[in-house]
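# Residue-level structure breakdown
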Amino acid sequence: MMFRACATSALFLSLFAPLASYAAIDNTQNIAIDSALQIPGTILNSGTYKLALESWTAGRAVVRISSANTEKQYLLLAVPNRKLGVDASKGIVLFTPADGRKQILRGWVCPVCSKELEFVYLKAEAANITDETGQPVFAVDPAYDKLPHALSVSDMKVATIWSFSPQRIVGANRGVGVKAVKYLKANEEKAAASQKTAEARLKHLPKTATNTWSLALWGAVLLAAGLALRVNRLSRS
């Protein structure tokens, strides 16, 4: 009789085990830097830092960087970029400036993302990095979008993203300049449309519905336990 009860519980737990695995996924990563590291908006001193995925919407993400030694936290805008071609063992991706002693953060190998995330710099920073490295840089211009210089999470979700790339100037003005174009506007609009469709489907669900995996898991465990007790009682009778 007890065997039947245990078997029933095991069956239900096996069905909902994937939910437990999903809920256990950690979207954070600790990194150690040995010298000053430039990130959007500031420079980090050497030490240990934690990167965490704060939010993800319409083809862009917000990443939180926090220090293990202080209470300082930084919110950075990022976009998925499969073209980084990175060494995942390092956790982060750096630009390659002419001065090899300088470290500039380019991207993060997010453990729960299908693509690496590349960070977005302010317009002036992006222009300087492109000039120093000869590599493309993603940028935002708060003045263009009539947003405050210090972008909030809400601002990051709507700010126009630009792609800065080096462009050789021909003619009388020789040298290297910077070319700026809007980045993936069509793809972002497509992602936003998909998100609206998903939200519309959620509105048709019962008001008691929830997308919290932990609650679903606990509900499944309690249901399994109740069925096990029911089977046990029936077996006794």
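Residues numbered from 1 in each chain as written. Predicted model: local features only at pLDDT ≥ 70, side-chain atom pairs only at ≥ 80, totals over all residues. Heavy atoms only, no water.

The helix and strand tally for the protein chain stands at five helices and twelve strands. Looking at the protein chain as a whole, 35% of its 237 residues are labelled buried. Sequence-distant contacts in the protein chain: of pairs separated by 6 or more residues, those separated by 24 or more amount to 49%. (Helix = DSSP H or I, 4+ residues; strand = E, 2+ residues; numbered from the N terminus. Buried < 20%, exposed > 50% of the residue type's maximum accessible area, 1.4 Å probe, protein only. Contact = heavy atoms within 4.5 Å.)

Once that is clear, we can look at helix 2 (residues 123-133). Since the α-helix advances by 3.6 residues per turn, residues separated by three or four positions end up pointing in the same direction. Residues E125, A126, I129, T130 and T133 constitute the buried set of helix 2. For helix 2, the angular spread of buried residues about the axis comes to 130°, placing them on one side. Turned more than 90 degrees from where helix 2 packs its buried face, A124 and D131 sit exposed. The positive-phi residue at the C-terminal boundary of helix 2 is G134, with phi of around 70°. (Arc of directions from axis to C-beta.)

Turning to the state of the cysteines, a few remarks are in order. Here a disulfide denotes one covalent bond, and it connects the sulfur atoms of two cysteines. Inspection of the entire model under this criterion finds one disulfide. Covalent S-S linkage joins C110 and C113, the inter-sulfur distance amounting to 2.3 Å. The disulfide joining C110 to C113 has a torsion of about 60° about its S-S bond and is therefore right-handed. We note that C110, like C113, is buried. (Disulfide = S-S within 2.5 Å.)

Most often, soluble globular proteins keep nonpolar side chains buried together rather than apart. Among the nonpolar cores identified, the biggest contains 29 residues, and L51, I65, L105, W108, L117, F119 and Y121 are the most heavily contacted of them. In this view, W108 contacts N27, Q29, L51, A52, L53, V63, G91, I92, E116, L117 and F119; residues no more than four positions away in its chain are not counted. F138, V140, L151 and A159 belong to the second largest nonpolar core, which has twelve residues in total. (Core = buried A, V, L, I, M, F, W, Y, C linked by side-chain atoms within 4.5 Å.)

Turning to the packing of aromatic side chains, a few remarks are in order. Under the defined criterion, the tally for this structure stands at three aromatic pairs. When the ring of Y144 is compared with that of W162, the centres are 5.1 Å apart and the planes differ by 85°; the resulting orientation is edge-to-face. With Y144 in the loop between strand 10 (137-140) and helix 3 (153-156) and W162 in strand 11 (residues 161-169), this residue pair connects regions lying 18 residues apart in the sequence. (Phe/Tyr/Trp six-rings, centres within 6.5 Å; stacked < 30°, edge-to-face > 60°.)

Here the phi dihedral of K146 falls at roughly 55°; this positive angle occurs in a residue that is not glycine. Note on placement: K146 falls in the loop between strand 10 and helix 3.

What follows deals with the pattern of salt bridges. Evaluated as defined, the whole model comprises five salt bridges. Of the charged contacts, one joins D99 and R101 as a salt bridge, the two residues approaching to 3.1 Å between their closest N and O atoms. Residue E132 pairs with K102 through a salt bridge whose shortest N-O separation is 3.1 Å. With a gap of 30 residues between them, E132 in helix 2 and K102 in the loop between strand 7 (92-94) and strand 8 (103-108) connect regions that are remote in the sequence. With a relative accessible area of 30%, E132 lands in the partly exposed category. (Salt bridge = Lys/Arg side-chain N within 4 Å of Asp/Glu carboxyl O.)

Now for the side chain of Q103. With respect to the helices and strands, the residue Q103 is situated in strand 8. A polar side-chain atom of Q103 sits 2.7 Å from a polar atom in the side chain of S35. (Polar contact = N/O pair within 3.5 Å; in protein donor to acceptor, adjacent residues only side chain to side chain.)

What follows deals with the environment of V158. Within the secondary structure, V158 is located in the loop between helix 3 and strand 11. Sequence separation between V158 and A58 is 100 residues, and the spatial gap between their C-alpha atoms is 9.5 Å.

The subject of this paragraph is the pairing of strand 8. Burial within strand 8 is extensive, with six of its six residues counted as buried. Where strand 2 (residues 37-39) meets strand 8, two bridges bridge the pair, whose relative direction is parallel. Residue pairing in the sheet places Q38 in a bridge with I104 of strand 8. The sheet contact formed by strand 7 and strand 8 spans three bridges and is antiparallel. (Pairing = 2+ DSSP bridges.)

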